[in-house]
Amino acid sequence: MDITLERILSLLPKKDDGKFVRGAKKNFAMSLGYDSGDIVSMWINGSSASYHGKLHEISDKYNVSVEWLKGETDIREKLIAKSDEQLLDSELIMRLCKLTPEELQQVDAFVQGLLAAR
């Protein structure tokens, strides 16, 4: 089970024995627009990975960051509510931070070329 699914499942209420509270899978799935909790069971048994397309929706509904869901950070909560444009900006910045200095120089040269062409 990947970290994304583990973190999604951690959002569902569980009993002391670690089993899901009755109706938790159904309620979670329905909050995302599914008809039943069967989809959560499919995620668990590996027959579907459709949760990858629901990360932003899960993030919004359960006040957790997409980065946390993906396992990119241990900071669970969204720090501030962001618009779609701000989300794109922050995702772009996160990607840029992962580049090597040489790759950043290439990106900078490309951006300068785009700006000069305006």
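Cut-offs used in this document
Residues numbered from 1 in each chain as written. Predicted model: local features only at pLDDT ≥ 70, side-chain atom pairs only at ≥ 80, totals over all residues. Heavy atoms only, no water. Helix = DSSP H or I, 4+ residues; strand = E, 2+ residues; numbered from the N terminus. Rg over C-alpha atoms; globule rule 2.2 N^0.38 Å. Buried < 20%, exposed > 50% of the residue type's maximum accessible area, 1.4 Å probe, protein only. Contact = heavy atoms within 4.5 Å. Areas by Shrake-Rupley, 256 points an atom, 1.4 Å probe, with all protein chains shown as cover. Axes fitted to C-alpha atoms, helices over the stretch in contact; angles between N-to-C directions. Parallel < 35°, antiparallel > 145°, perpendicular 65-115°, else oblique. Nonpolar A, V, L, I, M, F, W, Y, C, P; charged D, E, K, R; others polar. Salt bridge = Lys/Arg side-chain N within 4 Å of Asp/Glu carboxyl O. Arc of directions from axis to C-beta.

1. Focus: the overall build of the protein
- Scanning the protein from N- to C-terminus turns up seven helices and zero strands.
- Secondary structure of the protein in N-to-C order comes out as α-α-α-α-α-α-α.
- The globule rule puts the C-alpha radius of gyration for 118 residues at 13 Å, and the 18 Å found for the protein is more than 25% above it.
- Dimensions of the protein, computed from the C-alpha atoms along their principal axes, are close to 60 × 30 × 25 Å.
- Looking at the protein residue by residue over its 118 residues, the buried ones come to 25%.
- Counted over contacts in the protein with a minimum sequence separation of 6, partners at least 24 positions apart contribute 42%.
- Summed over its atoms, the accessible surface of the protein is roughly 8,200 Å², and 54% of this surface lies on carbon and sulfur atoms.

2. Some details on the packing of helix H2 (residues 24-31) against helix H3 (residues 38-45)
- In contact at an axis separation of 7 Å, H2 and H3 are set at 100° when each is read in the N-to-C sense. Considering the angle they form, H2 stands roughly perpendicular to H3. Together, Lys25, Phe28 and Ala29 of H2 and Ile39, Val40, Ser41, Trp43 and Ile44 of H3 make up the contact between the two elements.
- Taken together, the residues of the contact of H2 with H3 break down into six nonpolar, one polar and one charged.

3. Overview of the pattern of salt bridges
- According to the stated counting rule, one finds two salt bridges in the structure shown.
- Residue aspartate 74 pairs with arginine 7 through a salt bridge whose shortest N-O separation is 3.2 Å. Of the two residues, aspartate 74 sits in the loop between helix H5 (66-69) and helix H6 (84-97) while arginine 7 sits in helix H1 (residues 3-9), which places them 67 residues apart along the sequence.
- A residue is classified by how much of its surface remains accessible, and arginine 7, at 13% relative accessible area, is buried.

4. Regarding helix H4 (residues 55-62)
- When we look at burial in H4, the residues that qualify are Leu55, Ile58 and Ser59. All buried residues of H4 fall inside an arc of 100° around its axis, so they share one side.
- Tucked inside the fold, the buried residues of H4 contact H1, H2 and H5.
- In the stretch just after H4, asparagine 63 is the one whose phi turns positive, near 50°.

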